[in-house]
Amino acid sequence: QLQASGGGLVQAGGSLRLSCTASTRTYTFSRYFMGWFRQAPGKERDFVASIGRSGNTYYADSVKGRFTISRDNAKSTVYLQMDNLEPDDAAVYYCAAKPSILTAVYYSQSDFDYWGQGTQVTVSS
């Protein structure tokens, strides 16, 4: 089970940090590839960022240089630090997980097996 938190209302240019904690043991969490997706009203769910078991990170072009994904395996938690937020970043953000081999990389939501409940991010202009 994944529990996402940290969403809220922020002005354009501001920052938020999202967290997603898995209710699983540290050893198990370390074997998961983790991702963040977002869905704005009337739009499809889009890839935002992901992090592999080795710590390699991947980002959508729209968030590169502004968002940072990281993980703390000891806390079974993945984070998404969002800086310089823009109105177009407003969406419900979902974390996702997939047990994977060390070198695996995933971008499609259909690849992921487990999903959090979503946390709302609102950006005022």
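If you're wondering where the values come from, they're calculated on a predicted model, not measured in any experiment.

S.K.: Whenever I open this one, the packing of aromatic side chains confuses me. Can you help?
M.R.: By convention here, two paired aromatic rings are described through the distance between centres and the angle between planes. Within the structure shown, the criterion is met by 11 aromatic pairs. Summarising the aromatic geometry, the rings of tyrosine 106 and phenylalanine 112 are spaced 6.3 Å apart at their centres and angled 70° between planes, so their arrangement reads as edge-to-face. The residues tyrosine 106 and phenylalanine 112 share a single accessibility class, namely buried. Aromatic ring contacts, followed pair by pair, group Phe33, Phe37, Phe47, Tyr58, Tyr106, Tyr107, Phe112 and Trp115 into a single cluster.

S.K.: Before we go on, may I ask you to explain the nonpolar core in this structure?
M.R.: Within soluble globular proteins, side chains that are nonpolar generally end up buried alongside one another. Trp36, Leu80, Met82 and Tyr93 are the most contacted members of the largest nonpolar core, which totals 37 residues. Counting residues per element, the ones that place at least two in this core are β1 (2–5), β3 (16–22), β4 (32–39), β5 (46–51), β7 (67–72), β8 (77–82), β9 (91–99) and β11 (119–124). Other than its neighbours up to four places away in sequence, tyrosine 93 contacts Leu18, Trp36, Phe37, Arg38, Val48, Phe67, Leu80, Met82, Gly118, Thr119 and Val121.

S.K.: I keep staring at the state of the cysteines and nothing clicks. Help me out?
M.R.: By definition, a disulfide is the covalent link that joins the sulfur atoms of two cysteine residues. For the structure shown, the criterion picks out one disulfide. Two residues, cysteine 20 and cysteine 95, share a disulfide whose sulfurs are 2.0 Å apart. In this structure the cystine formed by cysteine 20 and cysteine 95 twists about its S-S bond by roughly 60°; its chirality is therefore right-handed. In this pair, cysteine 20 is assigned in strand β3 and cysteine 95 in strand β9, connecting sequence segments 75 residues apart.

S.K.: Quick question: what am I supposed to make of the pattern of salt bridges here?
M.R.: Opposite charge on two side chains permits them to pair, given that their charged atoms come into close proximity. On inspection of all chains with the given rule, the structure shows five salt bridges. For arginine 38, the salt bridge identified is with aspartate 89, shortest N-O distance 2.9 Å. Here arginine 38 is found in strand β4, whereas its partner aspartate 89 is found in the loop between β8 and β9, with 51 residues between them in sequence. Each of the two residues, arginine 38 as well as aspartate 89, counts as buried. Note that arginine 66 and glutamate 86 form a salt bridge whose closest N and O atoms lie 3.8 Å from each other.

The rules behind the values
- Residues numbered from 1 in each chain as written.
- Predicted model: local features only at pLDDT ≥ 70, side-chain atom pairs only at ≥ 80, totals over all residues.
- Heavy atoms only, no water.
- Phe/Tyr/Trp six-rings, centres within 6.5 Å; stacked < 30°, edge-to-face > 60°.
- Buried < 20%, exposed > 50% of the residue type's maximum accessible area, 1.4 Å probe, protein only.
- Core = buried A, V, L, I, M, F, W, Y, C linked by side-chain atoms within 4.5 Å.
- Helix = DSSP H or I, 4+ residues; strand = E, 2+ residues; numbered from the N terminus.
- Contact = heavy atoms within 4.5 Å.
- Disulfide = S-S within 2.5 Å.
- Salt bridge = Lys/Arg side-chain N within 4 Å of Asp/Glu carboxyl O.

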